[in-house]
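In case you want the letters, here they are:
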Amino acid sequence: QWTYQPIGSDGVHFMIDRTKKYWTGDSAEDISEWLRLYTEEDSLDVKPVICRTCGGDSFALRVDQNEGAIQVICTACGTKKILLDCEEFWADARPKLRKCSVCKTGQRFNVRVGFVRRENKSVKWIYIGNRCTTCGTLGSFVDWKVDYEPTDRMEENL
């Protein structure tokens, strides 16, 4: 079963292939729809992660699931960035470089961040969505609850 997505700004239809055990996407844009299906949150606010140095959208990922911490490394220019509020936990983190669990070789991912919001619009939960650029597998290596406010500064750190 294929899920047809709206037409993107470049005029291309995006699709999620649901016929396999692990769903795959044709493009980074598919991560947003996958995150909404995964979280069952139609109102999930999804933002792309783009390298601020070169504009690239493919990253190696270093993740610590226990600490809820993620660092992206741009595969085009090598710029490293610790996302969101993860800088606070990075010293205690034991991040691991992630590989695609399906194709076993993919180490480059497109990344989107999904925010579940409280009524006052502050962030309540964060989901990091990723797409392997080798095989297209959609997934999430980490998510975490946010139990403080305000969250504005964290949201700006993508």
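Quick notes on the rules
Residues numbered from 1 in each chain as written. Predicted model: local features only at pLDDT ≥ 70, side-chain atom pairs only at ≥ 80, totals over all residues. Heavy atoms only, no water. Core = buried A, V, L, I, M, F, W, Y, C linked by side-chain atoms within 4.5 Å. Buried < 20%, exposed > 50% of the residue type's maximum accessible area, 1.4 Å probe, protein only. Helix = DSSP H or I, 4+ residues; strand = E, 2+ residues; numbered from the N terminus. Contact = heavy atoms within 4.5 Å. Pairing = 2+ DSSP bridges. pLDDT = per-residue confidence, 0-100. Phe/Tyr/Trp six-rings, centres within 6.5 Å; stacked < 30°, edge-to-face > 60°. Salt bridge = Lys/Arg side-chain N within 4 Å of Asp/Glu carboxyl O.

Okay, the nonpolar core next. Counting 30 residues, the largest nonpolar core has Leu61, Leu84, Ile126, Ile128 and Trp144 as the members making the most contacts within it. Sorting the residues of this core by element identifies strand E5 (59-64), strand E6 (69-74), strand E9 (109-117), strand E10 (123-132) and strand E11 (138-145) as the ones contributing at least two each. Look past the residues within four positions of Ile128 in its chain and what remains in contact with it is Leu35, Ile70, Leu84, Val111, Arg112, Val113, Gly139, Ser140, Phe141, Val142 and Trp144. Judged by nonpolar contacts, the second largest core, of nine residues, contains Ile31, Trp34, Leu35 and Val116.

This part takes up the pairing of E5. Within E5, five of the six residues are buried, which leaves it mostly tucked inside the rest of the structure. Pairing between E5 and E6: six bridges, direction antiparallel. In the sheet register, Asp64 faces E6, and the bridge partner there is Ala69. The hairpin turn running from E5 into E6, its antiparallel successor, is four residues long, and Gly68 in that turn takes a positive phi close to 65°. The sheet contact formed by E5 and strand E8 (residues 96-97) spans two bridges and is antiparallel.

Omega for the bond connecting Glu149 with Pro150 falls within 30 degrees of zero, at -5°, which places this linkage in the cis form. Mapped onto the fold, Pro150 is located in the loop between E11 and helix H3 (152-156). Located in the positive-phi region is Glu40, a residue other than glycine, with phi close to 60°. Along the polypeptide, Glu40 turns up in the loop between helix H1 (30-39) and strand E4 (45-48). The exposure class assigned to Glu40 is exposed, which follows from its relative accessible area of 70%. Look at Lys104: it is not a glycine, yet its phi comes out positive at around 70°.

Quick look at the environment of Gly106 now. Turning to its location among the elements, Gly106 is positioned in the loop between E8 and E9. If sequence neighbours within four positions are ignored, Gly106 has contacts with Arg98, Lys99, Cys100, Cys132 and Thr134.

A separate point is the confidence of the model for the protein. For the protein, per-residue confidence averages 88 on the pLDDT scale, and residues scoring 70 or more make up 91% of the total. In this model residues 1-12 is a low-confidence stretch, pLDDT under 50, and it forms 26 contacts with partners more than four residues away in sequence or in other chains.

Once that is clear, we can look at H1. Here H1 has its buried residues at Asp30, Ile31, Ser32, Trp34, Leu35 and Thr39. Two residues or fewer after H1 comes Glu40, characterised by a positive phi angle close to 60°.

Turning our attention to the packing of aromatic side chains. Counted according to the given criterion, the structure contains four aromatic pairs. When the centroid spacing of 4.7 Å and the interplanar angle of 15° are considered together, the rings of Trp34 and Tyr38 count as stacked. With Trp34 and Tyr38 both in helix H1 and four residues apart, this pair spans about one turn of that helix. For Tyr38, a relative accessible area of 41% puts it in the partly exposed group. Three or more aromatic residues link up through ring pairs in this structure, and these residues are Trp34, Tyr38, Trp125 and Tyr127.

Before going further, it helps to examine the pattern of salt bridges. Tallied over the entire structure, the rule returns five salt bridges. With a shortest N-O distance of 3.7 Å, Asp17 and Lys20 are connected by a salt bridge. Of the residues examined, Asp17 reaches a relative accessible area of 6% and is grouped as buried. The partly exposed category is assigned to Lys20, whose relative accessible area is 44%. What emerges from the salt-bridge pattern is a single network uniting Asp45, Lys47, Arg117 and Glu155.

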